[in-house]
Amino acid sequence: MSNYHIKSLEEYFNVYRRSIRNPETFWAEVAEEHFLWRKKWDKVLEWDFKEPKIEWFKGAKLNITENCIDRHLVTKADQPAILFEPNNPDEDSIAISYRQLHERVCKMANVLKSKGIQKGDRVVIYMPMIPELAVSLLACARIGAVHSVVFAGFSSSALAARINDCEAKAVMTSDGSFRGAKTIAIKAIVDEALKNCTTVETVLVVNRTGEDVQMQVGRDHWLEPLLDEADSHCDAEIMDAEDPLFILYTSGSTGKPKGMLHTTAGYMVYTAYTFKNVFQYQDEDVYWCTADIGWITGHSYIVYGPLANGATTVMFEGVPSYPDFSRFWEIIEKHKVNQFYTAPTAIRALAKENLDYVTGSDLSSLKVLGTVGEPINEEAWHWYNDHIGDKKSPIVDTWWQTETGGIMISPIPFITPTKPTYATLPLPGIQPVLMDENGNEIFGNQVDGRLCIQFPWPSIARSIWGNHQRYAETYFSAFPGMYFTGDGALRDEVGYYRITGRVDDVIIVSGHNLGTAPIEDAINEHNAVAESAIVGYPHDIKGNALYGYVILKETGENRDRDNLKKEINQVITEHIGPIAKLDKIQFTAGLPKTRSGKIMRRILRKIASNETENLGDISTLLNPEIVDEIIKGKI
Ligand code: WTA
């Protein structure tokens, strides 16, 4: 029996049981079946969550781009690997075949080499959703350089912090980007960031918008002439299974972002396996994930997972509202998309618009719908099911994280009966457990607790770049012997999981992970601000929105409050990016604190969410009287 592609519910349960009973044998069989290994592994798994140390397929040699590209040249050279859909619908879309992708990746890899980039060097990629972005990731992987993509909506100081943290030697970018009706000067943001970076020797610039940019002689180079001259052959660097593939930054509960480190073989095997099963991808299907490659969803399920399966993957440069709200549905019709994977926040935003935007397009090609990034509410689930899937296309509600590398809990379409708002069952190899606050496992069904995973899977992040101690503390210390996800979950009467949301100081806004600490740090930089606390509150479209409680310094008290609010959001935009702007700001004289000085965010969260009847015990606070004052000043 093939282990790679599950085809029935019975088979799922069999495969799942085997994968738990003997994970090493299971993953070795999956890895044997499907990939190109330059040398087989010596040992499937070595692990210890105490250290923590996790190594999969140790001793194996491979290159992930040979698996994602070269391997398909025999049978699929002329099949589109990437279908590029530009921001402007009047511009032609571009189909890049596997043969062309091979050539483009080899040329880009040779350009990197010509600039002295070698195996192990870090390359930061700050680019819009254009084909060169995918090509850049793959070119790094081709030569063994470690890519770190920074979402092109981050500000120059957020970009600089990431470049400095991983000590990048090169930055790949574009002159500008098209987003809806706007053009954004991307290269200027890189220039600003690089004023505070010393490690970057080379900046490679794609010409996308044609706007004027400053090019620093010796450091900055236009990519096109270099690509024109580059050789279209580039041998793939042979990598060890555990060599780093990429670093991707995610928010944490302190100000510094965490550079999650993913390695080569396990990541490849797991993303390929989960792509095939979660989307039930069949040869010649057209698959579209609307995420940005700046996030993990784009890494795993626009680039590596689909290409490892020889799939056709759509890349969309624009936004769902441009030129109008029918854009997603028109793209589905145009490219006859079979699998469509998006975020609940996009579904909620589009569901608010007139249904005519949907009904104008032929969506009959769709077979599978997916969601990711945050809990999907019942209303949005039904709208997606009724109007996009026509009640025929199963919805896979996929739960996973930057840290997990790939989808962990999800229905398998046509196989697992779906249930609105439930991510349902763990994929093979994944062993979820629920824990209570005292560190005891909660057994049985119809229970809720903190979601942990009790055995390694191949694509788990191996470390935080430059800070293994923080990795140990963040993920492996709360519940010894287990990986702690930071999420709460419940398990229903049949064992289905529903993710209820973060239990830590991370807030998910429009599907983006935002830590409260970095936002507070940014606000506190404002010269009129003494202290601040950020919480999330429910929002119709974004899922959560941000509510800021701000204490002013004496010098700030006479300032115009509306101006101050604007300035505070400006500081956030400069330090992090517009995605972290606050929806509501309340100025207050104090914040509820415990006797040890810790802000009681639970209370602030309830006030912001209008749940003031039920604040719990506030008698242990240092300053209980402040609570009433905050309730009175609520916005
Ligand atoms: C949340 C995104 C509910 C969760 C791939 C997780 C979800 C965080 C779901 C990771 C889902 C992701 N249902 N919540 N289907 N998928 N989340 O690192 O809180 O950007 O911990 O990875 O998103 O976000 P990240």
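Residue indices follow the written sequence of each chain, beginning from 1 at its first position. Residues qualify for local features only when their pLDDT is at least 70, as the model is predicted, and side-chain atom pairs are given and counted only at 80 or more; totals for whole chains, interfaces and linings, by contrast, use all residues. Note that the side-chain values use all heavy atoms of the structure and ignore hydrogens as well as water.

Q: Please explain the overall build of the protein as it appears in this structure.
A: Summing up its helical and strand segments, the protein has 20 helices and 31 strands in all. Against the compact-globule benchmark of 26 Å for 635 residues, the protein has a radius of gyration of 24 Å, which places it among compact chains. Taking the principal axes of the C-alpha coordinates as reference, the protein spans close to 75 × 65 × 55 Å. For the exposure calls, accessible area comes from a 1.4 Å probe over protein chains only, and a residue counts as buried if that area is under 20% of its type's maximum, exposed if over 50%, partly exposed in between. Sorting the 635 residues of the protein into buried and exposed places 61% on the buried side. We call two residues in contact whenever any of their non-hydrogen atoms come within 4.5 Å of each other. Counted over contacts in the protein with a minimum sequence separation of 6, partners at least 24 positions apart contribute 71%. Of the roughly 24300 Å² of accessible surface on the protein, 47% is carried by carbon and sulfur atoms. Numbering of helices and strands runs from the N terminus; a helix is a DSSP stretch of H or I covering at least four residues, while a strand is a stretch of E covering at least two. Only C-alpha atoms enter the radius of gyration, while the globule expectation follows 2.2 Å times N to the 0.38, with N the number of residues. In this description, accessible areas are obtained by the Shrake-Rupley approach with a 1.4 Å probe, and a residue is regarded as covered only by the protein chains that are shown.

Q: Can you walk me through the sheet that holds strand β17 (residues 312-316) in this structure?
A: Note on sheets: strands pair through backbone hydrogen bonds, and any given pair is parallel or antiparallel. Taken together, 7 strands build an open sheet; the order of strands is β5-β4-β17-β16-β18-β19-β20 and the sheet is mixed. Every interior strand has two partners, whereas the edge strands, β5 (94-97) and β20 (395-398), have only one. Each adjacent strand pair in this sheet contributes to an overall mean axis angle of 20 degrees, direction not counted. Note on method: axes are straight lines fitted to C-alpha atoms, helices fitted across the in-contact stretch only, with angles between N-to-C directions ranging 0 to 180 degrees. The strands touched by helix α10 (residues 265-279) are β16 (286-289), β18 (339-342), β19 (368-372) and β20; relative to β20, the strand with the most contacts, the crossing angle is about 145 degrees. At least two bridges found by DSSP between two strands are what make those strands a pair.

Q: Looking at this structure, I do not really get the site of the ligand. What am I missing?
A: Not every one of the 17 residues close to the ligand is listed here, only the nearest: D397, T398, T402, D487 and R502. For this analysis, a polar contact is any N or O atom pair within 3.5 Å, provided that within protein one partner can donate a hydrogen and the other can accept it, and provided that sequence-adjacent residues contribute only side-chain to side-chain pairs. A distance of 2.8 Å separates a nitrogen atom of the ligand from a polar backbone atom of T398. Taking T402, its side chain carries an N or O atom lying 2.5 Å from an oxygen atom of the ligand. Isolated, the ligand exposes 530 Å² of accessible area, and the fraction of that covered by the protein chains is 96%. Sorting the residues of the shell around the ligand by element identifies α11 (296-308), β20 and β26 (497-502) as the ones contributing at least two each. Gly is put with the polar residues, along with every residue not named as nonpolar or charged; the nonpolar set is Ala, Val, Leu, Ile, Met, Phe, Trp, Tyr, Cys and Pro, and the charged set is Asp, Glu, Lys and Arg. Residue composition of the shell around the ligand, by class: 7 nonpolar, 6 polar and 4 charged. Here a residue counts as near a molecule or strand whenever at least one of its heavy atoms sits within 4 Å of it.

Q: Got a minute to help me understand the sheet that holds strand β22 (residues 441-442) in this structure?
A: Ordered by their spatial adjacency, 5 strands build an open sheet running β22-β21-β23-β25-β26, and the pairing between neighbours is antiparallel. What marks the edges here is a single partner per strand, and that holds for β22 and β26. Bridge count for strand β23 (residues 447-453) against strand β25 (residues 483-491) is 6 bridges, and the pairing is antiparallel. In the sheet register, D448 faces β25, and the bridge partner there is L490.

Q: Explanation requested: the domain arrangement of the protein in the structure shown.
A: It is common to report an interface's size as the accessible area lost on association of the parts. The domain boundaries here were taken from an automatic or database domain assignment. By the assigned domains, the protein splits into domain 1 (9-427 + 443-472) and domain 2 (506-632). With centres defined by C-alpha atoms, the gap from domain 1 to domain 2 works out at 33 Å. Across the boundary between the two partners, domain 1 contributes 18 residues, which contact 22 residues of domain 2. By convention, the term buried area covers the 1.4 Å-probe accessible surface removed from two parts as they join, with the contributions of both added. Taken over both partners, the interface formed by domain 1 and domain 2 buries close to 1500 Å², and the fraction arising from carbon and sulfur atoms is 53%. By the criterion of area lost to domain 2, the three top residues of domain 1 are S251, T345 and R348, representing 26% of everything that side buries. Among the ionic pairs, D540 bridges to K352, the shortest N-O distance being 3.7 Å. The tally of links from domain 1 across to domain 2 stands at 9 residue pairs in polar contact (both at pLDDT 80 or more). Sorting the residues of the side of domain 1 that touches domain 2 by element identifies α7 (156-166) and α13 (344-351) as the ones contributing at least two each. The element that contributes the greatest number of residues to the side of domain 1 that touches domain 2 is α13, accounting for 3 residues. Split by residue class, the side of domain 1 that touches domain 2 holds 4 nonpolar, 11 polar and 3 charged. Here a salt bridge means any side-chain nitrogen of Lys or Arg lying within 4 Å of a carboxyl oxygen belonging to Asp or Glu.

Q: Honestly, unusual backbone geometry in this entry has me stumped. Any pointers?
A: Phi is mostly negative for residues that are not glycine, and the peptide bonds are mostly trans. Residue E51 is joined to P52 through a cis peptide bond whose omega torsion reads -10 degrees. Along the chain, Y322 connects to P323 via a cis peptide bond; the corresponding omega equals -5 degrees. Phi at E167 takes a positive value of approximately 50 degrees, unusual for a residue other than glycine. In this fold, E167 is placed in the loop between α7 and β8 (170-174).

Q: In this structure, what is going on with the nonpolar core? I would like to understand it.
A: Soluble, globular proteins show a tendency: their nonpolar side chains are buried together. By nonpolar core is meant a set of buried Ala, Val, Leu, Ile, Met, Phe, Trp, Tyr and Cys residues that side-chain atoms within 4.5 Å join together. By size, the foremost hydrophobic cluster in this structure holds 124 residues, and its most contacted members are W37, F57, L101, F279 and Y304. At 10 residues, the largest contribution of residues to this core is made by α10. Counting 45 residues, the second-largest nonpolar core is a separate cluster that includes C197, V200, V550 and I572.

Q: Please clarify how helix α6 (residues 131-143) should be interpreted in this entry.
A: Within an α-helix, residues lying three or four positions from one another point in the same direction, as the helix has 3.6 residues per turn. Here the expected span of a helix is defined as 1.5 Å times the quantity of residues minus one. In this model α6 runs 19 Å from its N-terminal to its C-terminal C-alpha over 13 residues, within 8% of the 18 Å that 1.5 Å per residue would give. One or two residues past the end of α6 sits G144, with phi positive at roughly 80 degrees.

Q: I'm lost on the pairing of β20 in this one. Help?
A: Both faces of the sheet carry side chains from a regular strand, because those side chains alternate between them. Where burial is concerned, the two faces of β20 agree: the one with I395 and D397 and the one with V396 and T398 are both buried. Where β19 and β20 come together, 4 bridges link them in parallel fashion. Residue pairing across strands places T371 opposite D397, the latter belonging to β20. With its strands directed away from the observer, a crossover is right-handed exactly when the path from the first strand over the helix to the second travels clockwise. Taken together, β19, helix α15 (residues 378-388) and β20 form a β-α-β motif whose crossover is right-handed.

Q: I tried to follow the packing of α10 against α11 on my own but got confused; where do I start?
A: Describing two packed helices takes the angle between their axes plus the distance from one axis to the other. The geometry of α10 relative to α11 is characterised by a closest axis approach of 8 Å and an angle of 90 degrees between their N-to-C directions. When the axis of α10 is compared with that of α11, the two are roughly perpendicular. Of the residues in α11, those touching α10 at Y267, T271, A272, T274, F275 and F279 are H299, S300, Y301, Y304, G305, P306 and A308. When the residues that make up the contact of α10 with α11 are grouped by side-chain class, the tally is 8 nonpolar, 5 polar and no charged. Throughout this description, any angle smaller than 35 degrees is read as roughly parallel, any larger than 145 degrees as roughly antiparallel, any in the 65 to 115 degree range as roughly perpendicular, and the remainder as oblique.

Q: I keep staring at the packing of α7 against helix α8 (residues 186-194) and nothing clicks. Help me out?
A: Running from N to C, α7 and α8 point in directions that differ by 55 degrees, and their axes come no closer than 8 Å. When the axes of α7 and α8 are compared, the pair comes out oblique. Where α7 crosses over α8, the two elements pack in a sense that is right-handed. Contact with α7, carried on its side by S156, L159, A160 and I163, involves I189, V190, E192, A193 and L194 of α8 and no other residues of that element. Here the residues of the contact of α7 with α8 are counted per class, giving 7 nonpolar, 1 polar and 1 charged. Note on convention: the crossing is left-handed when the near helix lies turned anticlockwise from the far helix by less than a right angle, right-handed when the turn is clockwise.

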